[in-house]
Amino acid sequence: DDTTTPIQHSEIIARRQHKKLPSLGGAIAAFVSIDEYARYIIGTLVKSVSQPLALVQMVHNQYKLHGHTLEKFSADSGVTSQSMFRVTTPAVTAYLQAESIFEAVSDPYNHANGTPIVERVIQTLENRMDMAYEYVLHNQNIRRLGFTTLQLLQLWGEIFHWAILVENLKLCPHAKGK
């Protein structure tokens, strides 16, 4: 694998599908949550997807920290052939019930029930990240700085946070001026 030559967009997608490339900080995945009312996005890079309860508790604690009540938690049931990607585990369900939070679960690849907003935000973030990669991977000034393609691809965590920042700059659709 030559990591010093520019690569095409289709190659980026192929690499994503074949191998998890850790970010510079060692993250292998990203967890995204969105406030349905304000459309505010919280994104977290994770080094493991084996503890979804900790991620759900983190989201809940973010709401409590700001004095808000989490009324509904929507997630899909994960990739059925790979249970390691599930957010809605029995421990998560028990936690949400104990906290009196309604759990909306959709089937994988059928997001009409409970998760269309999250899926749309994820798609938007992926589009912004692809745009950033197109710019970075084809920018000769960055190449002159000595970065390899592998190093640039490992910036996906930083680009993920940038994409969230850009999306969060939008005004709240329900509160004018906020």
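Residues numbered from 1 in each chain as written. Predicted model: local features only at pLDDT ≥ 70, side-chain atom pairs only at ≥ 80, totals over all residues. Heavy atoms only, no water.

Engineer: Help me understand the overall build of the protein chain, please; the structure alone is not making it clear to me.
Structural biologist: The secondary structure content of the protein chain amounts to 7 helices and 4 strands. Mapped in sequence order, the helices and strands of the protein chain form the string α-β-β-α-β-α-β-α-α-α-α. A total of 178 residues make up the protein chain; the buried ones form 36% of that total. Of all intrachain contacts in the protein chain linking residues separated by at least 6 positions in sequence, the fraction that spans at least 24 positions is 67%. Element-wise, carbon and sulfur atoms account for 56% of the exposed surface of the protein chain, whose accessible area totals about 10900 Å². (Helix = DSSP H or I, 4+ residues; strand = E, 2+ residues; numbered from the N terminus. Buried < 20%, exposed > 50% of the residue type's maximum accessible area, 1.4 Å probe, protein only. Contact = heavy atoms within 4.5 Å. Areas by Shrake-Rupley, 256 points an atom, 1.4 Å probe, with all protein chains shown as cover.)

Engineer: What is the right way to read the pattern of salt bridges from this model?
Structural biologist: Side chains that carry opposite charge are capable of pairing whenever their charged atoms lie near each other. Enumeration over the complete set of coordinates arrives at 2 salt bridges. Between R128 and E167 there is a salt bridge, and its shortest N-O distance comes to 2.6 Å. In this pair, R128 sits in helix α4 (residues 116-137) while E167 sits in helix α7 (residues 156-168), placing the two residues 39 residues apart along the sequence. Two residues, K170 and E167, come together in a salt bridge whose shortest N-O distance is 3.0 Å. Connected through shared salt-bridge partners, R128, E167 and K170 make up one network. (Salt bridge = Lys/Arg side-chain N within 4 Å of Asp/Glu carboxyl O.)

Engineer: How should the packing of α4 against α7 be read in this particular structure?
Structural biologist: For any two helices packed against each other, the geometry is given by the interaxial angle and the distance between the axes. As a packed pair, α4 and α7 sit with axes 9 Å apart at the nearest point and diverge in direction by 120 degrees. One finds that α4 runs oblique with respect to α7. Considering the relative orientation of α4 and α7, their crossing is right-handed. For the pair α4 and α7, contact is made by T124, L125, R128, M129, M131, A132 and Y133 and by W156, I159, F160, W162, A163, I164, V166 and E167, respectively. Among the residues making up the contact of α4 with α7, the classes are represented as 12 nonpolar, 1 polar and 2 charged. (Axes fitted to C-alpha atoms, helices over the stretch in contact; angles between N-to-C directions. Parallel < 35°, antiparallel > 145°, perpendicular 65-115°, else oblique. Left-handed = near helix turned anticlockwise from the far one by under 90°. Nonpolar A, V, L, I, M, F, W, Y, C, P; charged D, E, K, R; others polar.)

Engineer: Teacher, can you tell me more about the packing of helix α2 (residues 52-65) against helix α3 (residues 90-98) here?
Structural biologist: α3 packs onto α2 with a crossing angle of 30 degrees between their chain directions and a minimal axis gap of 8 Å. Considering their axes alone, α2 and α3 lie roughly parallel with respect to each other. By crossing handedness, the relation of α2 to α3 is classed as right-handed. Between α2, through P52, L53, V56, Q57 and H60, and α3, the contact on the second element is made entirely by A91, V92, Y95 and L96. Taken together, the residues of the contact of α2 with α3 sort by class into 7 nonpolar, 2 polar and no charged.

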